[in-house]
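Below, each chain spelled out in residue letters.
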Amino acid sequence: MNPLISLLQCLLIAISLFITPPVSASPLNIPRLSPTGGTFEHGNYFADGQPKALSNFDPNDFETFYYKQTLDHFNFRPDSFSTFQQRYLINSKYWGGSNVSAPILAYLGAEEAVDNSLSSIGFLSENANQLQALQIFIEHRYYGKSIPFGSREEAFQNASTLGYFNSAQAIADYAEILIDVKKQLRAEHSPVIVIGGSYGGMLASWFRLKYPHVALGALASSAPILYFDNIIPPEKGYYSIVTKDFREVSETCYQTIKKSWSVIDEIASQPEGLSVLSRKFQTCSQLLTSSVLENYLMLMYTGAAQYNRPPRYPVTVVCGGIDGAAHGNDTLSKIFAGVVAYRGNKSCYVNEPKNKSETDVGWRWQTCSDMVIPIGISNDSMFPANQFDLNDYIESCKAQYGVPPRPHWATTYFGGHDIKLALSRFASNIIFSNGLRDPYSSGGVLENISDTVVAVHTQNGSHCLDIVGANTTDPDWLVNQRKVEVKIIKGWLDKYYAEVRAYSNNKSIPLQTIKTVEGIH
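Residues numbered from 1 in each chain as written. Predicted model: local features only at pLDDT ≥ 70, side-chain atom pairs only at ≥ 80, totals over all residues. Heavy atoms only, no water.

## Some thoughts on the overall build of the protein
Then step 1. Tallying secondary structure elements over the protein gives 19 helices and eight strands in all.
Then step 2. Looking at the protein as a whole, 59% of its 521 residues qualify as buried.
Then step 3. Across the protein, every contact between residues at least 6 apart in sequence was considered, and the portion connecting residues at least 24 apart equals 76%. (Helix = DSSP H or I, 4+ residues; strand = E, 2+ residues; numbered from the N terminus. Buried < 20%, exposed > 50% of the residue type's maximum accessible area, 1.4 Å probe, protein only. Contact = heavy atoms within 4.5 Å.)

Written as structure tokens, this is what we have:
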């Protein structure tokens, strides 16, 4: 699979998530947390040629397996013992083998089919050779081919069947699979490093905290584990950083975007105003409400900021179009020039998605159950102000599913309040990596908690940039970020093997394993 096509598909999925008018008091939907949702298409992005990937990804290196997974890990009702087939893929090309307890790199899938991650998440394949590591990619329940109840229609029909669809069940799934894989490969002493991005990064960090006997360490990329239960004030988070990203690139661009919402509303309120807007933005169909256009623009700006990646940086591209508009000096002409710069020359724009994907449906449920991320918009944002109202949010979810979300459950089950004090007492071997241009970095861990629970961030980085595939055009700061992360992981492994050797003096670990472990390092 072409990773660029995969990334584009993911962004098109993400566009459908904001369906409430941004200018209304309705609850804002939570932007998808995908690590691979950030490519975009426009005429000039690859004008100088496509960046060349450094890893030689070959889908033929992966073998697909299915695990007979328990439906409900936390209940002993008869229906809890139902099972479903959960998919995972293994690449053993570079693995040193169980006889030397070579490590296992496990990618914890998030809110999409695992196929999309194989080619776009390069961190595993790019480091498997030097670590002599087995690679395993595990699909999240209810996505891809890992569907309970026999079909997606049955699994998604109501809250009764969706009730088994949450983060705690997901990481329990991963624990069962990893334990089983190690048993099947006779690799009980092979250390596991779990890796995830965004929501998957949260899962990776939580996995290390909940299952330290299964995973030696975790790389949690762009994981906003503090974006729950008002630890981060809703109006000080996501949209504030989007605004900051644009304002740092161009003050005039920021001012134009900030002004545009009232201009759109004013035109839309006039007779034939929607027709005027449809012509101005060359929409693919006649606008029935101005919110369709506003949501389209909103997703364009947030997508550009969240995935503001080298070599061209999407925010710079959008603002270049807005500030350098060649046809018309009015506000909406400038905004449309930004659309064209970002999307490229097309026959039409602003085509509202009609079909909801499994990711749309799945992520909507997750954010209406345990992934309640309070997001609002402040008055000084470049977007129309929209205060987060938990009661409205709960009522919106109840209207859709018939059950309320649990907004305090994430911090109850995984923690988050006073994170430094809590984790410094017992946690170890977690890397929290972030790029500070990523809007979700506002909910990330940005300071070291201890010597082994560390924050690695870059000033110019974006969402999950460190774990997606490396390219020849990557700047030095990004290359160095990845090197730092690998060095930390190697340190964990060195310490583990030293402890295993010491432990073996009094325990019955096979002598062959202990002797040959030294050969890895």
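## Points about the side chain of Ser 378
Then step 1. Among the secondary structure elements, Ser 378 is positioned in the loop between α14 (358-367) and α15 (390-401).
Then step 2. In this structure the side chain of Ser 378 is engaged in a polar contact, spanning 2.4 Å, whose partner is the side chain of Asp 380.
Then step 3. The residues contacting Ser 378, other than those within four sequence positions of it, are Glu 235, Ser 240, Phe 383 and Ala 385. (Polar contact = N/O pair within 3.5 Å; in protein donor to acceptor, adjacent residues only side chain to side chain.)

## A few points about the packing of aromatic side chains
Here the distance between the centres and the angle between the planes together describe a pair of aromatic rings.
Then step 1. What the rule picks out here adds up to 29 aromatic pairs.
Then step 2. Judged by centre distance (6.0 Å) and plane angle (35 degrees), the rings of Trp 261 and Phe 383 are tilted. Taken together, the residues span a long stretch of sequence, with Trp 261 in helix α9 (residues 251-268) and Phe 383 in the loop between α14 and α15 at a distance of 122 residues. Across the pair, Phe 383 and Trp 261 agree in class, each one buried.
Then step 3. Note on Phe 281 and Phe 336: the rings are 5.8 Å apart at their centroids and 90 degrees apart in plane angle, and the pair reads as edge-to-face. Pair noted here: Phe 281 is in the loop between α10 (273-280) and α11 (290-306) and Phe 336 is in helix α13 (residues 331-343), with a separation of 55 residues, a long-range link. Of the two residues, Phe 281 and Phe 336, neither departs from the other in class, the shared state being buried. (Phe/Tyr/Trp six-rings, centres within 6.5 Å; stacked < 30°, edge-to-face > 60°.)

## Considering the state of the cysteines
Then step 1. Under the defined criterion, the tally for this structure stands at three disulfides.
Then step 2. The disulfide bridge from Cys 284 ends at Cys 348, spanning 2.1 Å between sulfur atoms. Sign of the S-S torsion, about 90 degrees for the bond between Cys 284 and Cys 348, identifies this disulfide as right-handed. In this pair, Cys 284 is assigned in the loop between α10 and α11 and Cys 348 in the loop between α13 and α14, connecting sequence segments 64 residues apart.
Then step 3. The disulfide pattern of the protein is 1-3, 2-4, 5-6 when the bonded cysteines are numbered in sequence order. (Disulfide = S-S within 2.5 Å.)

## Examining the sheet that holds strand β4 (residues 134-138)
Then step 1. Taken together, the eight strands give an open sheet; going across it, the order is β1-β2-β4-β3-β5-β6-β7-β8, and neighbouring strands pair in mixed fashion. This sheet does not close on itself; its edge strands, each paired only once, are β1 (63-70) and β8 (453-458). Strand-to-strand twist across the sheet, computed as the mean angle between neighbouring axes with direction ignored, equals 20 degrees.
Then step 2. Where strand β3 (residues 104-108) meets β4, five bridges bridge the pair, whose relative direction is parallel. Paired with Ile 104 across the bridge in β4 is Leu 134.
Then step 3. Against the sheet, helix α6 (residues 167-184) engages β1, β2 (83-91), β3, β4 and β5 (192-197), with an angle of about 120 degrees to β1. (Pairing = 2+ DSSP bridges. Axes fitted to C-alpha atoms, helices over the stretch in contact; angles between N-to-C directions.)

## Looking at the confidence of the model for the protein
Then step 1. Per-residue confidence for the protein gives a mean pLDDT of 89, with 87% of residues at or over 70.
Then step 2. A low-confidence stretch, residues 1-25 stays under pLDDT 50, and its non-local contacts, those more than four residues away or across chains, total 79 contacts.
Then step 3. Contacts for the low-pLDDT stretch residues 38-49, under 50 throughout, to residues beyond four places or in other chains number 33 contacts. (pLDDT = per-residue confidence, 0-100.)

## Focus: the side chain of Thr 283
Then step 1. Take Thr 283: it is sitting in the loop between α10 and α11.
Then step 2. Within the local environment of Thr 283, its side chain forms a polar contact with the backbone oxygen of Ser 285, the two atoms lying 2.7 Å apart.
Then step 3. Here Thr 283 is in contact with Leu 277, Ser 278, Cys 348, Tyr 349 and Val 350, once residues within four sequence places are set aside.

## A word on the nonpolar core
Then step 1. Within the largest apolar cluster, 112 residues are counted, with the highest numbers of intra-cluster contacts made by Ile 136, Val 194, Phe 207, Phe 246, Leu 297 and Tyr 301.
Then step 2. Here the element with the most residues in this core is α11; it accounts for nine residues.
Then step 3. Each residue touching Phe 246, except ones within four places of it in the same chain, is listed here: Cys 253, Ile 257, Tyr 301, Ala 304, Ala 305, Val 315, Val 318, Cys 319 and Met 382.
Then step 4. Ranked by size, the runner-up nonpolar core spans 31 residues in total, among them Leu 105, Leu 118, Leu 124 and Ile 467. (Core = buried A, V, L, I, M, F, W, Y, C linked by side-chain atoms within 4.5 Å.)

## Some remarks on unusual backbone geometry
It is generally the case that most residues other than glycine have a negative phi and that most peptide bonds are trans.
Then step 1. Here the residue pair Pro 310 and Pro 311 is connected by a cis peptide bond, since its omega of 10 degrees sits within 30 degrees of zero.
Then step 2. On the secondary structure map, Pro 311 appears in the loop between α11 and α12 (314-323).
Then step 3. Even without being a glycine, Tyr 313 presents a positive backbone phi close to 65 degrees.
Then step 4. Its place among the elements puts Tyr 313 in the loop between α11 and α12.
Then step 5. Judged by relative accessible area, Tyr 313 falls into the buried class, the value being 18%.
Then step 6. The residue Asp 418 is not glycine, and still its phi comes out positive at about 50 degrees.
Then step 7. Of note, Asp 418 is situated in the loop between α16 (409-413) and α17 (419-426).

## Structural notes on α10
Then step 1. If you check which residues of α10 are buried, you get Gly 273, Leu 274, Ser 275, Leu 277 and Ser 278.
Then step 2. Buried residues along α10 sit in contact with α9, α11 and α13.
Then step 3. Just downstream of α10, Gln 282 is the residue with a positive phi angle, here 50 degrees.

## With respect to the packing of α11 against α13
Then step 1. Across the interface, α11 lies against α13 with an axial gap of 11 Å and an inter-helix angle of 55 degrees. Between α11 and α13, the angle falls in the class oblique. Where α11 crosses over α13, the two elements pack in a sense that is left-handed. Along its contact with α11, which presents Tyr 296, Leu 297, Met 300, Tyr 301, Gly 303 and Ala 304, the element α13 presents Ile 335, Gly 338, Val 339, Tyr 342 and Arg 343. (Parallel < 35°, antiparallel > 145°, perpendicular 65-115°, else oblique. Left-handed = near helix turned anticlockwise from the far one by under 90°.)

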